[in-house]
Amino acid sequence: MTTNINTQHDGAAVITEYLIAEKVPYVFGVCGHGNIGFLDALHARQDQIKTISVHHESVAGFMADVYYRVSGQPTATFTSCGPGSANLPISLGNAFFDSVPFYAVTGNVPTSQFGRGAFQETYRHYQADFPSTVRAYCKRVFQPTTAAQLPVMVRQAWKTMVTGRPGPVVLDVPFDMFNEPINEPTPRPEDWDANISCRCGADPEGVRKAADMLMSAKRPVLFCGQGVRYGGATKELLELAEKLRIPVAMSASGIGAIDTAHPLALGLVARNGPYQANHAARQADVMLALGVRFDDRTSSSWIPGFSFTIPPTKLIHVDIDPDEIARNYPVALGLMADVRTFLRQLLAEIDTRMGKGEMPAERSQWLDAIAGYRKEWEAFIAPGYKADTTPIAPQRATCEIDNALTEDTILVSDIGVHHNWLIQFTKPRRPDSLIGCMGFGAMGFGVAGALGAKLAAPHRPCVAVVGDGAFLMHANVIATAYEYNIPVVYVVWNNYAYGSIRGLQRGYLNKRELATDFRHPDTKKPYNPDFAAMARAAGIGGVSVDRAADLHTAIKEAIAANKPCVIDANIDGDLNPSGAGIWELPGIGRSSPGIGKQYVPE
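Residues numbered from 1 in each chain as written. Predicted model: local features only at pLDDT ≥ 70, side-chain atom pairs only at ≥ 80, totals over all residues. Heavy atoms only, no water.

Q: Outline the packing of aromatic side chains, listing residues and values.
A: To describe a pair of aromatic rings, you give the distance between the ring centres and the angle between the ring planes. Using the criterion set out here, one finds 23 aromatic pairs in the structure. Ring geometry for Phe62 versus Phe445: centroids 6.2 Å apart, planes at 90 degrees, classification edge-to-face. One end of the pair, Phe62, is in helix α3 (residues 57-71); the other, Phe445, is in helix α17 (residues 445-456), and 383 residues separate them in sequence. Exposure remark for Phe445: the relative accessible area of 0% places this residue in the buried category. Each ring, one from Phe223 and one from Phe294, has its centre 5.6 Å from the other, and the planes form 45 degrees; the classification is tilted. (Phe/Tyr/Trp six-rings, centres within 6.5 Å; stacked < 30°, edge-to-face > 60°. Helix = DSSP H or I, 4+ residues; strand = E, 2+ residues; numbered from the N terminus. Buried < 20%, exposed > 50% of the residue type's maximum accessible area, 1.4 Å probe, protein only.)

Here it is as structure tokens:
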């Protein structure tokens, strides 16, 4: 049993002890009257678990989210009752729909005040009803209302968070439960969740069928998503690709699953995906999809012939969550399995067959055709590399950012038009090089999450590329970066607008723009605060750049300084990335591909 530090073994001590036993290094959050009991327990154990105080509850959730994406270790958050915890659902939802776990400890009113309309109680429909607020945005909510329930729910919440398809959980703790004496010992992880394995494999017959289909395919494609990266299956993916000479396409959340410089790496399949990726994926006779959701942006709004043509492409879909299999496309073979375990099963089956002299179908003609698609794409994008303008051309800005980074740099992207440029033109070399969110897509994710990334990997450089709109939503992070000396480099992609939405207004609404650009009240010229001056006022570095070469230099210098810094980069907001896919807004219209055309099977 964990030794108690507090003289009274109360609910807050149990929660704290359990988090320590689970090796949680940090808790991120904001104080309130509803969680001071929990803070007191954390105070007693400061040598074993560190507390980071932030300035907005969503920031805490985003930090916990990205900490896990980089380290694989779940962390926890703390928020108080009422508006404090009500600020958390955005980051909870972001983690939930990207299958990222964190442990949210939310405070609530005392059980003796349930239903009485106490200060900050959510009571109009049900007493102490914060759980209803977040039920759609997490795997489960636990609300202990007796001392006997608390130790059980503490361990059950952790198990729920990390088993099966991971995701955040909420432990909603009434005020008096933090201080309630607990007679039972704190549960030990080694007795409960530590020995649970969710690395389930596929059924052997399914593995054999998958091997049959891949070995005989003439135009196969491997398509990988976030499940490959965070499921630790990248080594096995590369081995399969090289063994069978199958090209690898990636969703926006799967980029980096194999080195993007690898000859078999196709890049992004999406509405703005490169020609070689989309055109190969939509012509495939067999596709093995691993840990992907087939969302609308990846799948060109599910319109055949742009991202995919399923059928006639025969789809093998492998996912830990059976709900994702056959959600949007019919499957020739669907297998509920952990992707790493499945790939190991598949590799063993293929090794056995090749050991008996069975060889895969010839791939040279297929790979030669893809090499031709790649050359067409490279010619299409070549002019963008040469642009040297003020404001900075976005493709050139992306390439300068990418070239300024070392191989071990963590690049965290927020949501916005800059994210579309980054996933198209950066070239991550490892699975944890480029971090973005593509499920809930919450603005502020990268602004705040970058702090979590740096804490997770203090010896690696961390650069966050964030839109001007997102940065203003959570500019309070610069104070946290200074207070805790977290040396994140922020590149504010300053295009004086909610640029991705303005692009939709221009493209779909005949340029009828409203509420998407930022203008000076008198001159009506593009306006934003001076982000570099804001940074300096907070005590950290701040520089402004409006030339591509200066952006490269500023990033290099900021990384070398190893101090928090904001780079205000003036980026052209009139350009949007084009690719081989499309996107449809039903009732309004659909875009056109920038290269190639809709593929129609013969």
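This is not the end of the story, as more comes after the structure.
Q: Requested: an account of the sheet that holds strand β8 (residues 248-250), with residues and values cited.
A: Strand-to-strand pairing in sheets goes through backbone hydrogen bonds, with the strands running parallel or antiparallel. Ordered by their spatial adjacency, six strands build an open sheet running β9-β8-β7-β10-β11-β12, and the pairing between neighbours is parallel. If you trace the sheet from one side to the other, it starts and ends with β9 (265-268) and β12 (333-336), each paired once. Averaged over all neighbouring strand pairs, the angle between strand axes comes to 15 degrees, with direction disregarded. Sheet analysis places strand β11 (residues 314-319) next to β12, joined by four bridges and oriented parallel. The partner of Val318 across the bridge, within β12, is Leu335. The strands touched by helix α13 (residues 339-355) are β10 (286-290), β11 and β12; relative to β10, the strand with the most contacts, the crossing angle is about 140 degrees. (Pairing = 2+ DSSP bridges. Axes fitted to C-alpha atoms, helices over the stretch in contact; angles between N-to-C directions. Contact = heavy atoms within 4.5 Å.)

Q: Describe the pairing of strand β4 (residues 103-108), with residues and values.
A: Counting buried positions over the six residues of β4 gives six, a clear majority of the element. Neither face of β4 is open: one carries Tyr103, Val105 and Gly107, the other Ala104, Thr106 and Asn108, and all of them are buried. Looking at chain direction, strand β3 (residues 76-79) and β4 are connected through four bridges and run parallel. In the strand pairing of β4, Thr79 is matched with Thr106.

Q: Could you give an account of the state of the cysteines, naming the residues involved and the relevant values?
A: Taken as a whole and assessed by the stated rule, the structure comprises zero disulfides. Considering cysteine sulfurs only, Cys200 is the nearest to Cys198, which forms no disulfide, with 7.3 Å between them. (Disulfide = S-S within 2.5 Å.)

Q: If you had to explain the sheet that holds strand β6 (residues 169-174) to someone new, which residues and values would you point to?
A: The six strands are arranged β2-β1-β3-β4-β6-β5 in an open sheet whose pairing can be described as parallel. Since the sheet does not close on itself, it has two edges, and those belong to β2 (50-53) and β5 (140-142), each with one partner. Sheet twist, expressed as the average angle between the axes of neighbouring strands with direction ignored, equals 25 degrees. Here β4 pairs with β6 via six bridges, running parallel. When the sheet's bridge partners are listed, Ala104 is paired in β6 with Val170.

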